[in-house]
Amino acid sequence: MAAAGWPLRLRHRKLTVAALIASMAIDIDHLPLYAGVHGVSQGGRPFTHSLATVVAFAFAGLLLSRGRPVLLGISVGVALHLFRDLASGPGIPMWWPVTFDGVHSPYRLYAAPLVLLAIAAPTRARRHRTGPQ
């Protein structure tokens, strides 16, 4: 979301707010695990931590004009959350329901884009304040 810059985030406030909320709210799906409900995961993370969830919200957002920014924002937020989860813990059941196998990536593949964004963000913000050079 930081890479989008303030003008884009302000122009698409509903999408931005939905993405920010969804990026954390997706972890509500862990509650059944903590309550001992069986069949909602295999190997650590619930099945809703999969590409199917991202695709479902994106598809709904593309089909429905009403609520489109919110649905697309949820899709973006969940995708960003899953990007982080790929590099932490047991990974995610990315291809559920096709396979229950967890997918994991090296932490450096998560950390490198964060470092690049942290370096680029101040430059972008400074350029936006001073205008085109």
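So, on to the overall build of the protein. On a plain count of helices and strands, the protein comes out with 6 helices and 0 strands. Buried residues in the protein amount to 28% of all 133 residues. Contacts in the protein between residues at least 24 apart in sequence constitute 51% of all its contacts with a sequence separation of at least 6. When the accessible surface of the protein is split by element, carbon and sulfur atoms take 71% of a total near 8,700 Å².

In terms of nonpolar packing, the biggest core is built from 10 residues, these being A18, A22, I26, V54, I74, V78, L82, L86, I92 and M94. Those elements that place two or more of their residues in this core are α2 (13-25) and α5 (68-86). If one sorts the elements of this core by residue count, α5 sits on top with 4 residues.

On inspection of all chains with the given rule, the structure shows 4 aromatic pairs. Seen in terms of ring centroids, F47 and W96 are 5.4 Å apart; in terms of plane orientation they differ by 5°. Their pairing is stacked. Here the residue F47 occupies a position in the loop between α3 (31-34) and α4 (51-63), and W96 occupies one in the loop between α5 and α6 (107-130), the gap between them amounting to 49 residues. Judged by its relative accessible area of 10%, F47 is buried. The exposure class assigned to W96 is partly exposed, which follows from its relative accessible area of 28%. Between F47 and F100, the ring centres sit 5.3 Å apart and the planes meet at 50°, which makes this aromatic pair tilted. Taken together, the residues F47 in the loop between α3 and α4 and F100 in the loop between α5 and α6 connect sequence positions 53 residues apart. Look at F100 and you get partly exposed, because its relative accessible area is 37%. Taken together through their ring pairs, the aromatic side chains of F47, W96 and F100 make up a single cluster.

We now examine the pattern of salt bridges. What the rule picks out here adds up to 2 salt bridges. The partner of R45 in a salt bridge is D85, and the shortest N-O contact between them spans 3.4 Å. Placement of R45 in the loop between α3 and α4 and of D85 in helix α5 is noted, with a sequence separation of 40 residues between them. Note on accessibility: R45 and D85 belong to one class, buried. The closest approach of N and O atoms between D85 and R84, which form a salt bridge, is 2.6 Å. Since its relative accessible area comes to 33%, R84 is described here as partly exposed. Through salt bridges with shared partners, a single ionic network connects R45, R84 and D85.

On to the side chain of S50, then. Within the element layout of this structure, S50 appears in the loop between α3 and α4. The exposure class of S50 is buried, given its relative accessible area of 0%. When residues no more than four places from it in sequence are discounted, the contact partners of S50 are L82, P93, M94 and W96.

Procedures and definitions
- Residues numbered from 1 in each chain as written.
- Predicted model: local features only at pLDDT ≥ 70, side-chain atom pairs only at ≥ 80, totals over all residues.
- Heavy atoms only, no water.
- Helix = DSSP H or I, 4+ residues; strand = E, 2+ residues; numbered from the N terminus.
- Buried < 20%, exposed > 50% of the residue type's maximum accessible area, 1.4 Å probe, protein only.
- Contact = heavy atoms within 4.5 Å.
- Areas by Shrake-Rupley, 256 points an atom, 1.4 Å probe, with all protein chains shown as cover.
- Core = buried A, V, L, I, M, F, W, Y, C linked by side-chain atoms within 4.5 Å.
- Phe/Tyr/Trp six-rings, centres within 6.5 Å; stacked < 30°, edge-to-face > 60°.
- Salt bridge = Lys/Arg side-chain N within 4 Å of Asp/Glu carboxyl O.

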